[in-house]
Amino acid sequence: MDQVLDNWTNPMFSSLETDITDAQSAHLPQNCVRMWDTFHPYKFPKTVFQGVKVLGQVDNKFIACMGYIDENKAAEPNLLLMIDQHAAHERVRLEQLVSDIFEAPVVDAEDCQDGIAKQSQLKSSAVIPPVVLILAHKELQLLQSSTSKLKRLGISYRIVDGDGANETEGSVEITRLPSCLVEREAEELSRSRQPVATSVIQALLEEYLQELQRTAGASAVLPKTITNILKSQACHGAIKFGEPLNHCECSSLISQLSQCDLPFQCAHGRPSVIPLLDFRLLSSSHHDKVHECKPRLWHLHKVE
């Protein structure tokens, strides 16, 4: 019957067109997509956002844009991009939060030379009542030798007891903390949750003191404990999936994202920008040029 229908010419209607090729992954050769990505990788410089054209929101989750894959800005945009609105706003918020936690740099003749501003210091807030921690004697010694570094981190303290050489441990009152930690504690209490200040401070001091021991006094600008808190704040306050955005809001978000230092990933490392279609590949001249290129066979070992 199938052969009869295939060979039969309908006198009233022309034959139907052939079916469109199904592009589902189940019908594609294994690893063909990964091989294409290997042979034709996309590198995203920050200039991809220069002159980007916002098309609009898609499914209340993504922002469709047209950008440039090359430096020829005179031509029309040739790369269709899809931007994750939550990941993009999360990145914007994270970099804003990181910028806001530092005090404005000042010039202090006692702390700097040749009029150079002293090292940036985190904004701090008073802890009322102070948080009491029990530290080992070795940790107390390291704490006392790192007072200036801790102050730049927004931490102030006073030793209550255990300052003697024969003491095995002692008590420390934490009187000031980075403002982001104090704000988080206030937020937890406002939601009738258990206080987390003591555990967070303990983790922060342990991390910082261990790093000072490991690096002989050097330390990162922001400890991981503080960075994780900022990431959490950035995520909770970011635009969510399902939130509708008008064209102006989409354009504003893309403009803010273009000013970020790391615009291509969210606070937790998830990609924020995905290329969907390179319109240059639709032209026959570029298609022929692509096939004329010699395959980079040394990349094949990366494809499982």
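Scoring rules and cut-offs
Sequence positions are assigned chain by chain, starting from 1 and proceeding in written order. Local features in this predicted model are restricted to residues of pLDDT 70 or higher, and side-chain atom pairs are both shown and tallied only at a pLDDT of 80 or more, whereas totals for entire chains, interfaces and linings draw on every residue. The basis for every side-chain value is the complete set of non-hydrogen atoms in the structure, without hydrogens or water. Per the convention used, a helix needs a DSSP run of H or I reaching at least four residues, while a strand needs a run of E reaching at least two, with both numbered from the N terminus. Buried, partly exposed and exposed residues are distinguished by accessible area as a fraction of the type maximum, computed with a 1.4 Å probe on protein chains only: under 20%, between the cut-offs, and over 50%, respectively. Note on contacts: a residue pair is in contact if any heavy atoms of the two residues lie within 4.5 Å. Using a 1.4 Å probe, accessible areas were evaluated by the Shrake-Rupley method; residue-level cover was limited to the displayed protein chains. Inter-axis angles, ranging from 0 to 180 degrees, are taken between N-to-C directions of lines fitted to C-alpha atoms, where helices are fitted over the stretch in contact. In what follows, roughly perpendicular refers to angles from 65 to 115 degrees, roughly parallel to angles under 35, roughly antiparallel to angles over 145, and oblique to any angle outside these ranges. If you view the pair so one helix is near and one far, a crossing is left-handed when the near helix is turned anticlockwise from the far one by less than a right angle, and right-handed when it is turned clockwise. Polar here means any residue outside two lists: the nonpolar Ala, Val, Leu, Ile, Met, Phe, Trp, Tyr, Cys and Pro, and the charged Asp, Glu, Lys and Arg; Gly therefore counts as polar. One bridge is not enough; two strands pair if DSSP finds at least two bridges between them. Basic side-chain nitrogens of Lys or Arg form a salt bridge, by our definition, when they fall within 4 Å of a carboxyl oxygen of Asp or Glu. Aromatic rings from Phe, Tyr and Trp, with only the six-membered ring used for Trp, were paired whenever their centres fell within 6.5 Å, and each pair was classed as stacked if the ring planes differed by under 30 degrees, edge-to-face if by over 60, and tilted otherwise.

Novice: Would you explain the overall build of the chain in this entry?
Specialist: A tally of helices and strands in the chain yields 10 helices and 7 strands. The buried share of the chain, taken over its 304 residues, is 32%. Within the chain, contacts between residues separated by at least 24 positions form 65% of all contacts whose residues are at least 6 apart in sequence. By element, 53% of the accessible surface of the chain is carried by carbon and sulfur atoms, the whole surface being about 19800 Å².

Novice: Explain the environment of I174 to me, please; I cannot follow it from the model alone.
Specialist: With respect to the helices and strands, I174 occurs in strand β6 (residues 169-178). Taking the C-alpha atoms as reference, I174 lies 9.5 Å from I128; in sequence the two are 46 residues apart.

Novice: Just checking my understanding: could you explain the packing of helix α6 (residues 179-190) against helix α8 (residues 224-236) for this structure?
Specialist: Angle between the axes and distance between the axes are the two parameters that describe a pair of packed helices. Put simply, α6 and α8 touch, their axes get as near as 10 Å, and they point 55° apart. When the axis of α6 is compared with that of α8, the two are oblique. Of the two possible hands of crossing, α6 and α8 adopt the one that is left-handed. Every residue of α8 that contacts α6 at C180, L181 and R184 is listed here: I226, I229, L230 and Q233. Across the contact of α6 with α8, the residue classes break down as 5 nonpolar, 1 polar and 1 charged.

Novice: Would you mind showing me how to read the sheet that holds strand β5 (residues 156-161) here?
Specialist: Backbone-to-backbone hydrogen bonds pair the strands of a sheet. The strands run either parallel or antiparallel. Pairing within the open sheet is antiparallel, and its 3 strands lie in the order β4-β6-β5. If you trace the sheet from one side to the other, it starts and ends with β4 (124-136) and β5, each paired once. In this sheet, neighbouring strand axes are inclined to one another by 20° on average, regardless of whether the strands run parallel or antiparallel. Note: β5 against β6, 5 bridges, orientation antiparallel. Looking across to β6, one finds that D161 is bridged to S171.

Novice: I keep staring at unusual backbone geometry and nothing clicks. Help me out?
Specialist: Excluding glycine, a negative phi dihedral is what most residues carry, and trans is how most peptide bonds are arranged. With an omega of -10°, the peptide bond between I128 and P129 qualifies as cis. Residue placement: P129 occurs in strand β4. Positive phi values are uncommon outside glycine, yet D59 reaches one of about 60°. Looking at the element boundaries, D59 is found in the loop between β1 (53-58) and β2 (62-67). With phi around 55°, N60 is a residue other than glycine that occupies positive phi space. Relative to the helices and strands, N60 resides in the loop between β1 and β2.

Novice: Please explain the sheet that holds β1 as it appears in this structure.
Specialist: Taken in spatial order, the 4 strands of this open sheet run β1-β2-β3-β7, and their pairing is antiparallel. This sheet does not close on itself; its edge strands, each paired only once, are β1 and β7 (273-278). Neighbour-to-neighbour, the strand axes of the sheet open up by a mean angle of 25°, direction not taken into account. One ladder, built from 5 bridges, connects strand β3 (residues 79-84) with β7; its direction is antiparallel. Along β7, the bridge assignment pairs L81 with P275. Those strands touched by helix α3 (residues 85-100) are β1, β2 and β3, and its axis lies near 70° from that of β3.

Novice: Would you mind going over the packing of α3 against helix α9 (residues 247-258) with me for this structure?
Specialist: Their axes nearest at 9 Å, the elements α3 and α9 cross at an angle of 50°. Between α3 and α9, the interaxial angle falls into the category oblique. Pair α3 / α9 crosses with left-handed handedness. Contact residues: Q85, A88, H89, R91, V92 and Q96 in α3; L253, Q256 and L257 in α9. Residues of the contact of α3 with α9, tallied by class, amount to 4 nonpolar, 4 polar and 1 charged.

Novice: Whenever I open this one, the pattern of salt bridges confuses me. Can you help?
Specialist: Should their charged atoms come close, side chains of opposite charge can pair. This model, assessed by the stated rule, comprises 4 salt bridges. Linking R270 and D84 is a salt bridge whose minimum nitrogen-to-oxygen distance equals 2.6 Å. Here the residue R270 occupies a position in the loop between α9 and β7, and D84 occupies one in strand β3, the gap between them amounting to 186 residues. On the basis of relative accessible area, R270 is assigned to the partly exposed category, the value being 36%. Of the charged contacts, one joins E95 and R91 as a salt bridge, the two residues approaching to 3.2 Å between their closest N and O atoms. One end of the pair, E95, and the other, R91, are both in helix α3, 4 residues apart, so they sit about a helical turn from each other. Each member of the pair, E95 as well as R91, carries the same accessibility label: buried.

Novice: Sorry, what's going on with the packing of aromatic side chains here?
Specialist: Counted under the stated rule, the structure contains 2 aromatic pairs. Summarising the aromatic geometry, the rings of F49 and F264 are spaced 5.8 Å apart at their centres and angled 20° between planes, so their arrangement reads as stacked. With F49 in the loop between α2 (32-39) and β1 and F264 in the loop between α9 and β7, this pair connects stretches of sequence that are 215 residues apart.

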